Amino acid sequence: MAERKMVSLTIEGRQVSVPEGTSILEAAKVAGILIPHYCYHPGLPVAGVCRMCLVEVEKAPKLAPSCATSVAEGQVVRVHTERAVEARKGVLEFLLINHPLDCPICDQSGECELQDYTFQEGREDSRYREAKRFNPVEDFGGDVMYVPNRCILCTRCVRFMDDVAHDSVLNVSERGDRALIGKFEGKDLTHPWAGNVVDLCPVGALLSKDFLNKSRAWELDRAASICPSCTQGCNVMIETRDMVVARIKPRPNEAVNKFFICDYGRLNYRWMNRQDRLEHPMVRTGGSLKTIDWDVAIHAAAGVLDDRRVYVLASPMLSNEALHLLSKIIRRSGGVGEFRVAIGEEAPLAGVEDLALRRDRAANVYGAELLGFARTEKPLSGLRDDDVLIVADDDLEGIDASAVERAPHVMVIGTTLPDAAQSAAVALPIANFAEEEGTFTNLRGRVQRFLQAKPSPGLARPSWLVLGDLLGVLGDQTAFFLPSEVFAEIARTHPELKGLSYDRLGMKGLPVLGAQPVGVAS
Amino acid sequence: MEDLDTLIEIGENMTGTTICVLSDSCAVPVISGIKKFRPEFESLIHGRRVHPVLEAVA
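Quantities reported herein were computed from a predicted structural model and do not represent experimental measurements.

Some points on the pairing of strand β23 (residues 426–429) of chain A
Residues and elements named next belong to chain A.
Link 1 in the chain: Here β23 shows no split at all, with Val426 and Leu428 on one side and Ala427 and Pro429 on the other all buried.
Link 2 in the chain: Here strand β14 (residues 282–285) pairs with β23 via two bridges, running antiparallel. Considered in β23, the bridge of Met282 is made with Ala427.
Link 3 in the chain: Note: strand β22 (residues 409–414) against β23, four bridges, orientation parallel. Pairing of Gly414 across the sheet is with Pro429, part of β23.

What about the sheet that holds β22 of chain A?
For sheets, the rule is that strands pair by backbone hydrogen bonds, running either parallel or antiparallel.
All names here are of chain A.
Link 1 in the chain: One open sheet accounts for eight strands, arranged β15-β14-β23-β22-β21-β16-β17-β20; its pairing is mixed. The two strands at the open ends of the sheet, each matched to only one other strand, are β15 (288–291) and β20 (374–375).
Link 2 in the chain: Here three bridges tie strand β16 (residues 310–314) to strand β17 (residues 336–339), and the two strands are oriented parallel to one another. Counterpart to Leu313 in the pairing with β17 is Glu338.
Link 3 in the chain: Docked against the sheet, helix α7 (residues 294–305) engages β14, β16, β21 (388–392), β22 and β23, running at close to 130° with respect to β23.

Brief notes about the interface of chain A and chain B
Link 1 in the chain: Every contact between the two is made by 14 residues of chain A and, on the other side, nine residues of chain B.
Link 2 in the chain: At the boundary of chain A and chain B, one finds one salt bridge.
Link 3 in the chain: Arg127 of chain A is paired through a salt bridge with Glu9 of chain B; the nearest N and O atoms lie 3.0 Å apart.
Link 4 in the chain: Summed over the shared surface of chain A and chain B, the number is one residue pair in polar contact (both at pLDDT 80 or more).
Link 5 in the chain: Sorting elements by how many residues they give to the side of chain A that touches chain B places helix α2 (residues 82–97) of chain A first, with six residues.
Link 6 in the chain: Taken together, the residues of the side of chain A that touches chain B break down into six nonpolar, two polar and six charged.

Notes on a nonpolar patch on the surface
Link 1 in the chain: A cluster of nonpolar side chains, namely Met1, Phe37, Phe41 and Ile45 of chain B, defines an oily patch on the protein surface of about 370 Å² accessible area.
Link 2 in the chain: You can see Met1 of chain B is positioned in the segment before α1 (2–14).

A closer look at the nonpolar core
Residues and elements named next belong to chain A.
Link 1 in the chain: Counting residues in each nonpolar core, the largest one holds 67 residues, and the members touching the most others are Tyr38 and Phe160.
Link 2 in the chain: Those residues in contact with Tyr38 that lie beyond four places of it in its chain are Cys50, Met52, Leu92, Leu95, Glu113, Leu114, Tyr117, Ile152, Cys154, Arg156 and Pro202.
Link 3 in the chain: Counting residues in hydrophobic clusters, the runner-up holds 49 residues, among them Ala322, Leu323, Val486 and Leu505.

Some thoughts on the pattern of salt bridges
Link 1 in the chain: If you walk through the whole model with that rule in mind, you get 44 salt bridges over all chains.
Link 2 in the chain: Glu56 of chain A is paired through a salt bridge with Arg83 of chain A; the nearest N and O atoms lie 3.6 Å apart. Taken together, the residues span a long stretch of sequence, with Glu56 of chain A in strand β3 (residues 54–57) and Arg83 of chain A in helix α2 at a distance of 27 residues.
Link 3 in the chain: It is possible to trace a salt-bridge network through shared partners that takes in Glu93, Arg123, Asp125 and Arg127 of chain A together with Glu9 of chain B.

Focus on the sheet that holds strand β13 (residues 244–250) of chain A
Residue and element names in this part refer to chain A.
Link 1 in the chain: If you trace the three strands from one edge of the open sheet to the other, you get β11-β12-β13, paired in antiparallel fashion. Among the strands making up the open sheet, the edge pair consists of β11 (221–226) and β13. For this sheet, the mean angle separating the axes of adjacent strands, direction not counted, is 30°.
Link 2 in the chain: One ladder, built from six bridges, connects strand β12 (residues 235–241) with β13; its direction is antiparallel. Looking at β13, one finds that Glu239 is bridged to Arg247.

Remarks on the confidence of the model for chain B
Residue and element names in this part refer to chain B.
Link 1 in the chain: With 93% of its residues at a pLDDT of 70 or more, chain B has an overall mean of 85.
Link 2 in the chain: Mean pLDDT values for the elements of chain B range from 70 in helix α4 (residues 52–57) up to 92 in helix α2 (residues 22–36).
Link 3 in the chain: Both scores are given for the predicted complex: the pTM is 0.91, the ipTM 0.84.

Rules used throughout
Residues numbered from 1 in each chain as written. Chains lettered and ligands numbered in written order. Predicted model: local features only at pLDDT ≥ 70, side-chain atom pairs only at ≥ 80, totals over all residues. Heavy atoms only, no water. Buried < 20%, exposed > 50% of the residue type's maximum accessible area, 1.4 Å probe, protein only. Helix = DSSP H or I, 4+ residues; strand = E, 2+ residues; numbered from the N terminus. Pairing = 2+ DSSP bridges. Contact = heavy atoms within 4.5 Å. Axes fitted to C-alpha atoms, helices over the stretch in contact; angles between N-to-C directions. Salt bridge = Lys/Arg side-chain N within 4 Å of Asp/Glu carboxyl O. Polar contact = N/O pair within 3.5 Å; in protein donor to acceptor, adjacent residues only side chain to side chain. Nonpolar A, V, L, I, M, F, W, Y, C, P; charged D, E, K, R; others polar. Patch = residues over 30% accessible without salt bridge, like charges linked within 9 Å, V, L, I, M, F, W, Y side chains within 5 Å. Areas by Shrake-Rupley, 256 points an atom, 1.4 Å probe, with all protein chains shown as cover. Core = buried A, V, L, I, M, F, W, Y, C linked by side-chain atoms within 4.5 Å. pLDDT = per-residue confidence, 0-100.

Rendered as C-alpha cells:
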C-alpha cells in the first residue's frame, strides 16, 4: 500500500501532521483537542448537519464545519476564538429550543453530549418564551424506544441503519421545526444489530428498553471486557450497579467490532447475575455433599484424581488460563478433554467486514481447540468406565444423571452444581466470566483480555486459582499468583502464542501466530 | 426594546452557521431592517403610529 501523503497544520497553536484527506475534527483529536460535535461519528458517513463543530479557519470567510472540512497544508485552525464559540453557543441555543428540561428523569443524563457541551460552552439561560413542540414517545420495535422531544436530528441512527446495517428503517419525517425521526411504513427496528442506534444517539432520544429507568449513568462501574456470547469476540464494557451487571456496551476496536455489538450479545448478560450458584467448596462425606473449607476440598479433589485417567467435559466459556491448567491435569493422567458448543443462527452486520453474530455461541471455542480440547457433538462418549469425570462448568443440559454416574468418580469445577452431577465426590466453586480476569481467543485467533466486573459469590474463587492450587497439591512446582503468570506459561509452552503477554496484548488484543487475517473466508 | 437586540443576535447566529442557506436569507432582511430603520421600530414599540421626523414636520 502506498504511503499516504502527510499534511501539517496548526490547531489551536499545536502542530500536527495527519494523512491527507483527514477531517479537521479528527486532526484535532490527534492534537488532543475535542471539537464539540453531534452528527459526526467515526463509524458513520459524514453528514455535516448539526453545525456544532464550527471552527475558525484562517483566511476562510465563513466558519467551517470541522467534520466535513479536510485538512490542508499550512492551515491554521482556531477552535476557541470568540467568533467560533459564539457560533456554537448559537447552535446550542437553537438545539435547546425544543429540547425538554427533563434531564432528571432522562436515562441519558450523565452521558449526554447535549448536557456536556451545554455545560461546556452553552448559554446559562433560555431566551425562548413560547411553548415547546411536543410529540409522544414511540416504540421503535426491538430494544429501542424513541422520545422525539429530546431528538436533535443528528441523523446518526438513520445513517447507521442505511449505511452500516443496510436495512433502511429510519428516516427524517417532516421538515423544519416539525422534523422528527420516523420509521418506514410497516418496518420495525428488529435488525439484529439495531440496538447500536441507542449508543450512537448523542442525547436521550433513543433509549434501550432493557436499560430503561434501571440506573443513572454515574452509578455504574465499568470494566473492559470481551462479549462472551459468540466466537466473534467483540470488545465490550460491562457496566455494573451494586455488583449486578446492568448493561453491556460496545468498546471500540478497529480490528474486531469497530464501534458496534449485536443485540444478542448486548442483552445476553442475565446469566452473569445468576443467584443459584455453587458458592462453597463441597466434599462427599457420609453419602452426601457437605460444605467444607477450601484447603480440605482441594486435597480431597487431589485424592480423587490420584493417578487415575481423567475425562474433562469443559465449557468453551472458560478462559485460556483455566483451559490451559485443565489441559495440564489431563496430560499428566493421559486423559482427554472435550467440549460442546451451543449453536445459533449467524447474523452479519453488512457494512463492516468480517463482523457477525457467529453460529458458535461461546467465547473461547478457538482457544479450547488450540489448547488441546476436542469439539464434540456427543459429550461423554469418550468417557471410559474407570475415568474420573471432571465437569468443568458444563451445565450438563440434556445429559442424563445416569450417563454421568457411569464414571466411578465425578468432580465438578463450576459456577453451578448441575442436577445431573449430584453424584459428585467433590464440587469446587469458581467465578464466572464476569467475576475473574482472563483471555479469550476469538475465531480469527485474536487473543483478548477481559477484566473482572463484579465480585464472585460466597467462597467461589477464580478458575485459574482453583486449578493452580489443585495442580500444586498434585505436585506441580509452578505457583501462580496472577492470571498473567498463567498466561505467561501458555505463551512459553505454545509456539502459536510465542512472545505474547498481558502487557503486550493491552486491552485490544493481538492475533496468535498463523492466525487467519481478517477478511479471509474460513 | 431588548427584543430588537435579541432579533439581531439570533439573526447573526443564523447567518453562515446553518447547513441550509435559506436561513441566511430570512435573517438578512430582519437584521438590515432593524439596523437601517431602528427609530421606526422603536416608535412603534412606544405606541406611536407616526415617524418622529414626520411628527416634527407636521
